[in-house]
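Here is how the chains run, residue by residue.
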Amino acid sequence: MKLLVREVIDETLNALKASGALTFDVIPPYNIEVPKNLEHGDWSCNVAMVMSKAAGKKPGDLAELIIKGLVDRNAIVVSAEKAGPGFLNFRLKDSVFQAVAREVLKAGLTFGRNKPKSTGKKMLVEFVSANPTGPVHIGHARGAFMGDAISRLLDAAGHDVTREFYINDAGNQVETLGRTIFKRYQQLFGVEIQLAEGEYPAEYVIEIAKTWKNEVGDAYLNKPQAEWLPKAIEVGIRENLKAIRSTLAMANISHDTFFSEATLHTAGKVTSIVDVYKARGVTYEATEGKRREKGDKVRSEESKAAKYADRQLGGTFLMTATYQENEKYVLKDEEDRIILRHDGTPVYLTADLAYHKEKFDRGYDLMVDVFGADHAGHVPRIQSGMTLLGFEQKKLQFVLVQIVRITQGGEEVKVSKRKGTLFELADLIDEAGADVCRFIFLMKSANAQFDFDLDGVKKQSKDNPVFYFQMGHARCASVLKKAIEKGVPFVGAEALTDAQLARLVLPEEKAMLKKMSQLGDVVATSAEKLEPHHVLYFCQELIADFHSYFTKFRSDPIISDDVDKTQGRLAMVAALKHTLASAFGILGIAAPEHMEAPAEEE
RNA sequence: GCGCUCAUAGCUCAGCUGGAUAGAGCAUUGGCCUUCGAAGCCAAGGGUCGGGGGUUCGAAUCCCUCUGAGCGCGCCA
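Remember, predicted model here, so these are calculated numbers, not experimental data.

Caption draft 1: Highlighting the pattern of salt bridges. By the definition in use, this model includes 35 salt bridges. A salt bridge links E234 to K231; the shortest N-O distance between them is 3.6 Å. With a gap of three residues between them, E234 and K231 both fall in helix α8 (residues 225-250), about one helical turn apart. With relative accessibility at 46%, the residue E234 sits in the partly exposed group. In this structure K231 comes out as partly exposed when scored by relative accessible area, which is 26%. A single network of salt bridges, built from pairs that share partners, joins D148, R152, R163 and R438.

Caption draft 2: Examining the nonpolar core more closely. In terms of nonpolar packing, the biggest core is built from 142 residues, with L92 and M516 touching the most fellow members. When residues in this core are grouped by element, the largest group, 12 residues, is from helix α22 (residues 563-587).

Caption draft 3: How the structure looks around the side chain of T162. Inspection of the secondary structure assignment puts T162 in strand β6 (residues 160-167). When neighbours within four sequence positions are excluded, T162 is seen to be in contact with M123, L124, V125, D256, T257 and Y364.

Caption draft 4: Here's a closer look at the domain arrangement of chain A. Each assigned domain of chain A is listed with its residue range as follows: domain 1 (2-92), domain 2 (127-266 + 404-458), domain 3 (278-395) and domain 4 (465-601). When each unit is reduced to the centre of its C-alpha atoms, the spacing between domain 2 and domain 4 is 39 Å. With both chains or domains summed, domain 2 and domain 4 bury close to 1,700 Å², and 76% of this area falls on carbon and sulfur atoms. Our count for the domain 2 to domain 4 interface comes out at zero salt bridges. Mapped onto the side of domain 2 that touches domain 4, the elements with two or more residues apiece are α5 (138-156) and α15 (434-442).

Caption draft 5: Unusual backbone geometry, seen in detail. Even without glycine at this site, A75 takes up a positive phi of about 50°. The topology assignment puts A75 in the loop between α3 (59-68) and β3 (77-83). The phi dihedral of S129 falls on the positive side, at around 40°, and the residue is not glycine. Within the secondary structure, S129 sits in the loop between β5 (122-126) and α5.

Caption draft 6: Inspection of the protein's contact with RNA strand B at higher detail. Of all residues adjacent to RNA strand B, which total 72 residues, the nearest are F87, G314, F450, R475 and E596. Taking the atoms of RNA strand B that fall within 4 Å of the protein, sugar and phosphate contribute 59% of them. Here a sugar or linking oxygen of RNA strand B and a backbone polar atom of A373 are 3.3 Å apart. Those elements that place two or more of their residues in the surface near RNA strand B are β4 (87-92), α6 (172-188), α11 (304-307), β12 (337-341), β17 (450-453), α17 (465-485) and α21 (533-552). Looking at the surface near RNA strand B element by element, the count peaks at eight residues for α21. Of the residues assigned to the surface near RNA strand B, the class counts are 29 nonpolar, 25 polar and 18 charged.

Caption draft 7: Just the sheet that holds strand β13 (residues 366-372), in detail. Sheet architecture is open: five strands sit in the order β7-β6-β5-β13-β14, paired in parallel fashion. Of all the strands in the sheet, the pair left with one neighbour each is β7 (257-260) and β14 (396-401). This sheet shows a mean twist of 25° between the axes of neighbouring strands, independent of strand direction. Pairing analysis gives four bridges linking β5 to β13, with the strands arranged parallel. Bridged to E126 within β13 is D369. This element, α5, spans β5, β6, β13 and β14 of the sheet and lies at about 160° to β6.

Caption draft 8: Layout of the packing of aromatic side chains. Counted under the stated rule, the structure contains 19 aromatic pairs. Plain terms: the ring middles of Y166 and Y355 are 3.9 Å apart, the flat faces sit at 5° to each other, and that makes the pair stacked. With Y166 in strand β6 and Y355 in helix α12 (residues 348-361), this pair connects stretches of sequence that are 189 residues apart. For Y355, a relative accessible area of 0% puts it in the buried group. Measuring from centroid to centroid gives 6.4 Å for Y468 and F469, while their planes differ by 70°, and the two rings are edge-to-face. The exposure class of Y468 is partly exposed, given its relative accessible area of 32%. Residue classification places F469 among the buried positions, given a relative accessible area of 1%. Taken together, F182, Y185, F189, W212, Y220 and W228 form an aromatic cluster joined through their ring pairs. A cation over a ring is seen here: K17 above F24, with NZ or CZ 5.0 Å from the ring centre. Above the face of the F189 ring, K213 is positioned so that its terminal group lies 5.1 Å from the ring centre.

Caption draft 9: Representation of the pairing of β13 within the structure. Within β13, six of the seven residues are buried, leaving the element largely enclosed by the surrounding structure. Note that β13 and β14 share six bridges and pair parallel. Looking across to β14, one finds that F371 is bridged to L400.

Calculation notes
Residues numbered from 1 in each chain as written. Chains lettered and ligands numbered in written order. Predicted model: local features only at pLDDT ≥ 70, side-chain atom pairs only at ≥ 80, totals over all residues. Heavy atoms only, no water. Salt bridge = Lys/Arg side-chain N within 4 Å of Asp/Glu carboxyl O. Helix = DSSP H or I, 4+ residues; strand = E, 2+ residues; numbered from the N terminus. Buried < 20%, exposed > 50% of the residue type's maximum accessible area, 1.4 Å probe, protein only. Core = buried A, V, L, I, M, F, W, Y, C linked by side-chain atoms within 4.5 Å. Contact = heavy atoms within 4.5 Å. Domains from an automatic or database assignment. Buried area = accessible area lost by both parts, 1.4 Å probe. Near = heavy atom within 4 Å. Polar contact = N/O pair within 3.5 Å; in protein donor to acceptor, adjacent residues only side chain to side chain. Nonpolar A, V, L, I, M, F, W, Y, C, P; charged D, E, K, R; others polar. Pairing = 2+ DSSP bridges. Axes fitted to C-alpha atoms, helices over the stretch in contact; angles between N-to-C directions. Phe/Tyr/Trp six-rings, centres within 6.5 Å; stacked < 30°, edge-to-face > 60°. Lys NZ or Arg CZ within 6 Å of the ring centre and 35° of its normal.

Structure (structure tokens):
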């Protein structure tokens, strides 16, 4: 619908240019939007204000010129007016609104989406990537739902999307896991054990030990560490990943690929990336923390750098901060980062750089990393590292989800893996339902910090906005069902006549049709910005309009004795149902046909 | 101390690359069910968009500055 208006404006401007009435090079980007105030027309355009300078005319004069010379080949415009500082306000024929219903019905559940993989662009979304040392807990939840929704959004925008989970299955943390599992394994044979600082006291480790014992008996009980440790790690990662996947499945989230950090090491990709950097001349050797930094940094005495100073023995550094082009710093990082310790072993960053190089080598048009805000400091290092390899930085984008504070009874619930007091995502979904959890996380933009109130989501009440949404869809379904019961089922898009559609003339009906027509735009801009919440708010407005319409015309119901009017209105309801279902699919929440009445609370 | 993110109604949050009178939900108050779902609707109250400068036809939106909050600042991952 908006495109039709754009067509009129573009053609008008070109015609004015051809006739010499107007001079400009190209039409600058301008907006066509829905005015807040209905009196300002159906669609409003700011082109006259935007073009004012380039055309050398006042916005008002330009607007009048456009209105006078309007080229409306499809005859869609009823009126065009100049308003305010130079807005162009258009009113369109009813038939243009009515056509939206037909368009939606034709597209069905894919309305508002581009054809799958039609853009030819390959995209990778990495999200969750929880350490395989324990279950998915509530701290991962926001990133998990966000990453999933972004994937669905990019998919709906017509891109070829791969969802990836990066498994940190190398390094100290999985070794600690392995040691803890072995201790629990020993314990199952009556050995007295004592967990060390940093080891995992939680229940699930005992379960893993039991599984292991069931599989191998006492085979590893008296073996040396060199034999039991790799085995314990293997079992631990396997079992934890199994649990992670099943939790994600509960949340309606799935990944296409699981990428193992360990394979980077075994394939030699971690050491080889160091060689690449060395060959490019962007590394240097330094000792005892004598790395280079931008300016003089003042660190507080309690900083971790000071705390672990005795472990900082120097090694090979990458110029993530001090690399220069034309004697200017071009990278965002603040200090250079070590990539090889003094004994030649790589650090976590080194593997992560190798991982991101791997992603670039796979040839994606866009790579998205969904991180928690506590990893924000990691971003400039990876960006710098990729720039130093000559990769295009804007192909790699980071979505940082802010920390979620979990509260219950007004008090903060701490999420701590180490202490075994973790609040698992699986438990939350059990209690609140997957759609509710997903919805609450997707309601906010990634940048917004917020408190997640456990008491609120557990209640099936008005605190649960997802019910409002699903009710909107269920109500559409209910109306269509009622029509069947009353013997006047909706005839369907094919049999629907223009005369029937022409009965959709109420301002409320036109407003809903106009809004429906915008789903494609909302999806496009949301995908562009990697912000799923716009789709959610779009649904909210549409549903509010429908509820309001439904109530207002209670005495002039959708289903009446007037057959043509009934069919016209049913067409709109069916279109609305498809629009909502399509949008819900992009968000990943269910579109139920029916909802149970809530339990009465006394 | 430095960096990132943020500050909008009593609370939780939207506000699209600057646009016309700043919105929604919850909460509060008052209305609306003999009819297609009242998990709904209508109405009211509630705002110097954290403070101050700047950019221009026009700023919640862009720039600077101050204040306040969260996160980060390890050769852990």
